[in-house]
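Close look at the chain arrangement
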Amino acid sequence: MATIAGIPAHVPSDRVVDFDIFAPPGVEEDYWAAWKSLRGPHGIVWTTANGGHWIATDGAITRDLWADAERLSSESLAVTPGLGEVMDFIPLQQDPPEHKPFRMAVMKGFANQYVTAMEPLVREVSSELAEGLAPKGGCEFMSEFAEILPIHVFLTLIGVPTEDRTKLRPLGQQLTRPDGSMTVVELRDAADAYLEPYVRARLENPGTDLFSRILSVPIEGRAWTFGEAQRMCRNLLFGGLDTVVAMLGNFAMHLAQNPADQALLREDRTLIPQAADELMRRYPTVSVTRNLVADVEVDGITMKDGDLVYLSSALHNLDPDCFDDPERVDFARNLQPVRHTTMGVGAHRCVGAGLARMEAITFLEEWLDRIPEFRIAEGTKPRFRGGNVAALTDLRLSW
Ligand code: HEM
């Protein structure tokens, strides 16, 4: 087998590419097209960028590896060295069997009745924001809408007055649009400092909020430690803000670029839930890293125990072998059962999926009721940034 300097001997030379997952070619213009450029004859490639790691390029292989929590560990979190140790999220970075009791507790906290109970707040914030923007004839959607709604939702979920949003907003912005002014350690420490009083209070004197509900579920018969509680609350903060920001932005961008779809939803509101599901499939933004804890044979090669593999929902959801004509948005597409990986698949599938879906549907309803036909503002182009959670950074709309 040919070897290239710096590339492990078990990596065949025809699998080697140079693809930076943080800055795929052309990502600022179109995140999904940038990932598509990686598709080729092989289902798995090795990139020399970021210290060297595998990337699954085939949709079915991506999904199969993502679902394999036995041979692929979630511990390392990202290809960025050290990030996993810094964040140490619960339950995101736990492997079975340790993962299960923590995940069960978090799932209980997100049970359907609590998601339903949040709907009036999402409706109120969405309608107030849209009403405020309507007379202006346009907006920069990411900063004036998308970044605001999930912060309100998060604060209300954890039982904190929404006036606190001014404290959380800069953190949220660093997560969604890191400007290099904070290291990841500083970001984690700032999140922990913000959360600490609430975590301590909810542990000592539980109420009915999300943290209290989760922390009152025993872990195999014992109470949560403060350290575990902090790692879990940190996971919810980091998992539930920029992902929703990205989703809202992508929905608004699609409708701005596709007036016919906008008209369809305005004419028939009953289409909105399935439109939300289809837009989630069409515009996935999350990619994950797994570290192998066993040798894995796939696509005619052997990935070795200890290797890192990167799995992108964009490469799965937009693979024509997995979904017919995948780039076309079709509100009538049958998405049941859910096969796309926007929310992941398997043991770590998103615990906030129901909440995010409710936010998506409610946003569409309120926005379309209050904003007249809208489009991308003339002379502007949506701008993206890549990363483990990609997002629009600039989306100017006019109406
Ligand atoms: C559109 C919005 C969202 C997207 C696209 C999204 C995506 C994902 C994905 C892909 C995973 C799986 C990660 C993996 O396999 O390693 C995940 C897990 C997770 N998400 Fe979300 N998420 C969203 C919203 C939320 C919200 C609103 C919350 C909570 C407030 C949340 C909390 C979590 C947590 C705690 C996990 C870890 C679950 C586990 O490890 O068992 N997410 N999410």
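Sequence order as written defines residue numbering, which begins from 1 separately in each chain. Predicted model: local features are reported for residues with pLDDT of at least 70 only, side-chain atom pairs are reported and counted for 80 or more only, and whole-chain, interface and lining totals are derived from all residues. Excluded from the side-chain calculation are hydrogens and water; included are all heavy atoms of the structure.

Another point: the side chain of R385. Considering the arrangement of structural elements, one finds R385 in strand 11 (residues 383-385). Buried charge R385 goes without a salt bridge, the closest partner of opposite sign being D242 at 4.3 Å. The definition of a polar contact used here is a pair of N or O atoms within 3.5 Å, where within protein one atom must be able to donate a hydrogen and the other to accept one, and adjacent residues in sequence count solely through side-chain atom pairs. For R385, the side chain forms a polar contact with the main-chain oxygen of V389, separated by 2.6 Å. What counts as a helix is a DSSP run of H or I of at least four residues, what counts as a strand is a run of E of at least two, and both are numbered from the N terminus. Three labels apply to residues, based on accessible area from a 1.4 Å probe with only protein chains included: buried if under 20% of the type maximum, exposed if over 50%, partly exposed otherwise in between. In this charge count, Lys and Arg are treated as positive and Asp and Glu as negative; neither His nor the chain ends contribute. One side-chain nitrogen of Lys or Arg within 4 Å of one carboxyl oxygen of Asp or Glu is enough to make a salt bridge.

Turning our eyes to something else, we now look at the site of the ligand. One heavy atom within 4 Å of a molecule or strand makes the whole residue count as near it. Taken together, the neighbourhood of the ligand is formed by 26 residues, with H99, R103, R290, H348 and C350 sitting nearest. P91 is positioned such that a nitrogen or oxygen atom in its backbone is 3.5 Å from an oxygen atom of the ligand. In this structure, an oxygen atom belonging to the ligand sits 2.7 Å away from a side-chain N or O atom of R103. When contributions to the shell around the ligand are tallied by element, the ones reaching two or more residues are helix 4 (99-109), helix 11 (226-240), helix 12 (242-257), strand 6 (287-292) and helix 16 (353-370). Considered class by class, the residues forming the shell around the ligand number 15 nonpolar, nine polar and two charged. Ten residue types, Ala, Val, Leu, Ile, Met, Phe, Trp, Tyr, Cys and Pro, are classed as nonpolar, four, Asp, Glu, Lys and Arg, as charged, and the remainder, Gly among them, as polar.

Helix span, expected: 1.5 Å multiplied by one less than the number of residues in the helix. For helix 12, with 16 residues, the first-to-last C-alpha span of 22 Å sits near the 22 Å given by 1.5 Å per residue. Among the 16 residues in helix 12, 14 count as buried, and that is most of the element.

The next thing to look at is the packing of aromatic side chains. A pair of Phe, Tyr and Trp rings is counted when the ring centres sit within 6.5 Å of each other, with Trp represented by its six-membered ring. The angle between the planes then sorts it: under 30 degrees is stacked, over 60 is edge-to-face, the rest tilted. Applying the stated criterion to the full structure yields 18 aromatic pairs. Only when the NZ atom of a Lys or the CZ atom of an Arg is both within 6 Å of the ring centre and within 35 degrees of the ring normal do we say a charge sits over the ring. Above the plane of the ring of F226 lies R200, whose end atom (NZ or CZ) is 3.8 Å from the centre. A cation over a ring is seen here: R281 above F323, with NZ or CZ 5.5 Å from the ring centre.

A few words on the sheet that holds strand 6. Here, any two strands with at least 2 DSSP bridges between them count as paired. Ordered by their spatial adjacency, six strands build an open sheet running 1-2-3-9-6-4, and the pairing between neighbours is mixed. A strand with exactly one partner marks an edge of an open sheet, and here the two such strands are strand 1 (16-17) and strand 4 (72-73). In this sheet, strand 2 (residues 44-47) lies alongside strand 1 in parallel orientation, the contact comprising two bridges. If you follow V17 over to strand 2, its bridge partner there is T47. Packing against the sheet, helix 2 (residues 59-66) makes contact with strand 2, strand 3 (53-56), strand 4, strand 6 and strand 9 (308-312), and its axis sits at approximately 115° to strand 9. By the convention used here, residues are in contact when the closest approach between their heavy atoms is within 4.5 Å. Convention adopted: a line fitted to C-alpha atoms gives each axis, helices being fitted over their contacting stretch, and angles between N-to-C directions are expressed from 0 to 180 degrees.

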